[in-house]
Amino acid sequence: MSERRNGEVLLSVDKISLAFGGVRALEGVSFDVLEGEIRAIIGPNGAGKSSMLNVINGFYHPQEGSITFKGKTRKQMRPHFVASSGVARTFQNIALFKGMSTLDNIMTGRNTKMKRGILWQALHYGPARNEEIENRGHVEKVIDFLEIQSIRKTPVGRLPYGMQKRVELGRALAAEPELLLLDEPMAGMNVEEKEDMCRFVLDVNEEFGTTIALIEHDMGVVMDISDRVVVLDYGKKIADGTPDEVRANQDVVDAYLGVAHD
Amino acid sequence: MSGEALFFLEVVISGLMAGVMYALVALGFVLIFKASGVLNFAQGVLALFAALALYDFIAPGGWVDDLFGFTFPIWAGIILTVGVMIIVAWLIERLVLQHLVQQEPIILFMSTIGLAYILEGVGDMLFGSDVKPLDIGIPQGASDWLLDNYGLYVEKLEVFAALTAAILVIVLAVFFQKTRIGRALRAVADDHQAALSVGVSLRTIWVIVWSVAGMVALVAGIMWGSKSGIQFSLSLIALKALPVLILGGFTSVPGAIIGGLIIGVGEKVAEVYLGPYVGGAIENWFAYVLALVFLFFRPQGLFGERIIERV
Ligand SMILES: Nc1ncnc2c1ncn2[C@@H]1O[C@H](COP(=O)(O)OP(=O)(O)OP(=O)(O)O)[C@@H](O)[C@H]1O
Ligand SMILES: [Mg+2]
């Protein structure tokens, strides 16, 4: 697929370095994400892909570099601030609220959209109640979109893996994010589930214009759905470009074939 | 009803009332443990502290009376005390939790032991350590109606305490199930990272949870204070809450309540019927023995999630 859009820069990371003790997870990584595009981050295991997402949404604080989101540059992000400025995410190892129903899980995605104070809520009355009903309506739309009406009331801990992944996507979508970060949304799925998930990702991007940055190991999927790809290996960026450019890049081929590093 | 059965019923009821107290304290434990993984040793002291604060707002001879020569009406005193408990929660988050977020559970637990001593010390310093009668106008004495019609002796105060506790639990349940903040609380209890990712502020949630635990402590403190006066031993019911938690499971709200009631009833019945054979004072150790038995057969408690260590 060729470049479809040419939006403004929504997010850019600049010379990000992150180390855990002696482990250097990221070293001077820079790239940007344009408004409206699907941006893939790929690389072998341990390359630093998840760490990159964690830096973007503020779970990890990089030792060096900066992050620019919607024109504002910061040294580090804070998770709850990032969420309220329009970034939602899913996790590599599903992180749902296991004891809660599908509906409640997705409702938590509306957290940043609901403003009524604790006093109203304690009384469960008036404005807080109306707000609850309004947001519930929005969540129902997400549920319809992801075709999960049948599991609305099921505690998510009981759902099969593929469905959990879908609910997690639902929770992220409920926040109506401008930027959606997906950490291996199709990992561990069978072919059919993968196809569904691909379709949802493309639909979200096309229908709602949501910008998406996703990590994925399945090369077929990556080449199919992404506009641009950044490749990490051992914490460094080794390539950045369209799927075709990246596929043709010798460093990338070497990294994936496990050619020895010097 | 025969005299024998009647007597048994009275024993059970008075056990239930003690159980309500245990349940309230255990409830505070569970709320905090679920939301922040902290085993809060200070929960009992929190009840003592709340009762003392209330006393000083409303009682003649209390702090406010000494300093300004007037006392607050009871309703205002209760609102002010709730305010104090929120401030205490906020201070605890600011001064303690925030700095220990990434630490091991045992360190957090130790910090709450320290906290218990600090609260006790501050309470002692500010409010003095003599026994203070707390009177907020809860009806006292036996319920005449029950006595006249059924020959049953039940303290009005105890009925009042049970009803208040029941209402408190229902209000909390609705709050947790039906509101955004309630959902956020459950979310934090379930998965910190995921909660952060949907924009929940952990710090705000902790302040809220500790405030709610403070209010539950206030209710417990009022009940206990009205019954036996406000005294240091109030902080010791925290020790009784531990067996309650082992019975009910550390993460279960219904568990805390039912566990509290079982222990309250169990120890009273044991005291009355077994006491004479073993020389009495069963009430002092019954709860712990029951907890020990539970640890052997059902370590996760009645309602707790099965504990599976990851290897
Ligand atoms: N919280 C952490 N503490 C210590 N080391 C970490 C932490 N998170 C990541 N690392 C290390 O940083 C490096 C990069 O890990 P990361 O999870 O970002 O890789 P990844 O590209 O997502 O790999 P995968 O494809 O296996 O998910 C690894 O060496 C990992 O062990
Ligand atoms: Mg990863």
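Small disclaimer: the values here were computed from a predicted structure and weren't measured.

Procedures and definitions
Residues numbered from 1 in each chain as written. Chains lettered and ligands numbered in written order. Predicted model: local features only at pLDDT ≥ 70, side-chain atom pairs only at ≥ 80, totals over all residues. Heavy atoms only, no water. Donors = N, O, S within 2.8 Å, 3.2 Å for Na, K, Ca; no water. Helix = DSSP H or I, 4+ residues; strand = E, 2+ residues; numbered from the N terminus. Buried < 20%, exposed > 50% of the residue type's maximum accessible area, 1.4 Å probe, protein only. Salt bridge = Lys/Arg side-chain N within 4 Å of Asp/Glu carboxyl O. Pairing = 2+ DSSP bridges. Axes fitted to C-alpha atoms, helices over the stretch in contact; angles between N-to-C directions. Contact = heavy atoms within 4.5 Å. Buried area = accessible area lost by both parts, 1.4 Å probe. Nonpolar A, V, L, I, M, F, W, Y, C, P; charged D, E, K, R; others polar. Domains from an automatic or database assignment. 1 Å grid on protein atoms, 1.4 Å probe; cavity = no way out; pocket = protein on both sides within 12 Å on 5 of 7 lines; lining within 4 Å. Points joined across faces, edges and corners; volume = space filled by probe spheres on them.

### What about the coordination of the magnesium ion (ligand 2)?
Residues and elements named next belong to chain A.
Okay, step 1: Coordination of the magnesium ion (ligand 2) by the protein involves Ser 50 (OG) and Gln 92 (OE1), with metal-donor separations of 1.9 to 2.1 Å. A residue pair is termed long-range when its members are at least 10 positions apart, and Ser 50 in helix α1 (residues 49–56) and Gln 92 in the loop between β6 (87–89) and α3 (102–108) qualify at 42 residues.
Okay, step 2: Accessibility expressed as a relative area gives 22% for Ser 50, which makes it partly exposed.
Okay, step 3: For Gln 92, a relative accessible area of 32% translates into the label partly exposed.

### Notes on the pattern of salt bridges
Residue and element names in this part refer to chain A.
Okay, step 1: One pass over the full model with this rule turns up 25 salt bridges over all chains.
Okay, step 2: We note a salt bridge from Lys 236 to Glu 27, for which the minimum N-O separation is 4.0 Å. With Lys 236 in strand β10 (residues 236–241) and Glu 27 in strand β2 (residues 23–34), this pair connects stretches of sequence that are 209 residues apart.
Okay, step 3: You can call Glu 27 partly exposed: its relative accessible area is 21%.
Okay, step 4: The shortest N-O distance in the salt bridge between Lys 194 and Asp 218 comes to 3.0 Å. With a gap of 24 residues between them, Lys 194 in helix α7 (residues 191–208) and Asp 218 in the loop between β8 (211–215) and α8 (219–225) connect regions that are remote in the sequence.

### Here's the deal with the environment of B:Leu218
Okay, step 1: With respect to the helices, strands and loops of the structure, B:Leu218 is situated in helix α10 (residues 202–228).
Okay, step 2: The sequence separation of B:Leu218 and B:Leu54 amounts to 164 residues, and the corresponding C-alpha distance is 8.5 Å.

### Section: the sheet that holds β6(A)
All names here are of chain A.
Okay, step 1: The mixed open sheet is built from 6 strands, whose spatial order is β6-β7-β8-β3-β9-β10. Strands at the two margins of the open sheet, each flanked by one partner only, are β6 and β10. This sheet shows a mean twist of 15 degrees between the axes of neighbouring strands, independent of strand direction.
Okay, step 2: As paired strands, β6 and strand β7 (residues 179–183) are joined by 3 bridges and run parallel to one another. Paired with Ala 88 across the two strands is Leu 180, which belongs to β7.
Okay, step 3: Seen against the sheet, α1 touches β3 (38–42), β6, β7, β8 and β9 (228–233) and runs at an angle of roughly 150 degrees to β7.
Okay, step 4: The strands touched by helix α10 (residues 250–257) are β3, β9 and β10; relative to β10, the strand with the most contacts, the crossing angle is about 130 degrees.

### Details of the sheet that holds strand β4 (residues 64–69) of chain A
Residue and element names in this part refer to chain A.
Okay, step 1: Strand order across the open sheet formed by 4 strands is β2-β1-β4-β5, with antiparallel pairing between neighbours. Here the strands that pair on one side only, and so sit at the sheet edges, are β2 and β5 (72–74). Looking at each pair of strands side by side, their axes are set apart by 15 degrees on average, direction ignored.
Okay, step 2: Here 5 bridges tie strand β1 (residues 9–20) to β4, and the two strands are oriented antiparallel to one another.

### Digging into the interface of chain A and chain B
Okay, step 1: Facing 29 residues of chain A, the contacting portion of chain B comprises 22 residues.
Okay, step 2: In total, chain A and chain B occlude about 2200 Å² of area from one another, counting both sides; carbon and sulfur atoms represent 60% of this.
Okay, step 3: Our count for the contact surface shared by chain A and chain B stands at 2 salt bridges.
Okay, step 4: Two residues, B:Arg186 and A:Asp104, come together in a salt bridge whose shortest N-O distance is 3.1 Å.
Okay, step 5: Listing elements by their share of the side of chain A that touches chain B, those giving two or more residues are α2 (79–84), β6, α3 and α4 (118–123) of chain A.
Okay, step 6: Partitioned by chemical class, the residues of the side of chain A that touches chain B number 13 nonpolar, 9 polar and 7 charged.

### Overview of the domain arrangement of chain A
Residue and element names in this part refer to chain A.
Okay, step 1: Assigned domains within chain A: domain 1 (1–86 + 177–262) and domain 2 (98–174).
Okay, step 2: Look at where the C-alpha atoms of domain 1 and domain 2 centre, and you get two points 27 Å apart.
Okay, step 3: Contact residues are listed per partner, giving 20 residues for domain 1 and 11 residues for domain 2.
Okay, step 4: For the pair domain 1 and domain 2, the summed buried surface comes to about 1200 Å²; carbon and sulfur atoms form 72% of the total.
Okay, step 5: Our count for the contact surface shared by domain 1 and domain 2 stands at 2 salt bridges.

### Focus on empty space enclosed by the protein
Okay, step 1: If you walk through the whole model with that rule in mind, you get 5 cavities of 30 Å³ or more.
Okay, step 2: For the largest cavity, the calculated volume is near 80 Å³.
Okay, step 3: Lining the largest cavity are A:Ala83, A:Val87, A:Ala88, A:Arg89, A:Gly109, A:Thr112, A:Arg171, A:Ala172, A:Ala175, B:Ser197 and B:Val198.
Okay, step 4: Those elements giving two or more residues to the lining of the largest cavity turn out to be β6 and α6 (161–174) of chain A.
Okay, step 5: Split into classes, the residues belonging to the lining of the largest cavity amount to 6 nonpolar, 3 polar and 2 charged.

### Overview of the pairing of β3(A)
Residue and element names in this part refer to chain A.
Okay, step 1: Within β3, 5 of the 5 residues are buried, which leaves the element mostly enclosed by the surrounding structure.
Okay, step 2: Where burial is concerned, the two faces of β3 agree: the one with Ile 38, Ala 40 and Ile 42 and the one with Arg 39 and Ile 41 are both buried.
Okay, step 3: Pairing geometry for β3 and β8, over 4 bridges, is parallel. When the bridges of β8 are listed, Ile 41 appears paired with Ile 215.
Okay, step 4: In terms of strand pairing, β3 meets β9 through 4 bridges, oriented parallel. Within β9, the residue paired with Ala 40 across the bridge is Val 229.

### Digging into unusual backbone geometry
All names here are of chain A.
Okay, step 1: Positive phi, normally seen in glycine, also occurs at Lys 15, with a value near 45 degrees.
Okay, step 2: Along the chain, Lys 15 turns up in strand β1.
Okay, step 3: Residue classification places Lys 15 among the exposed positions, given a relative accessible area of 54%.
Okay, step 4: Even without being a glycine, Glu 147 presents a positive backbone phi close to 55 degrees.
Okay, step 5: Within the secondary structure, Glu 147 is located in the loop between α5 (127–145) and α6.

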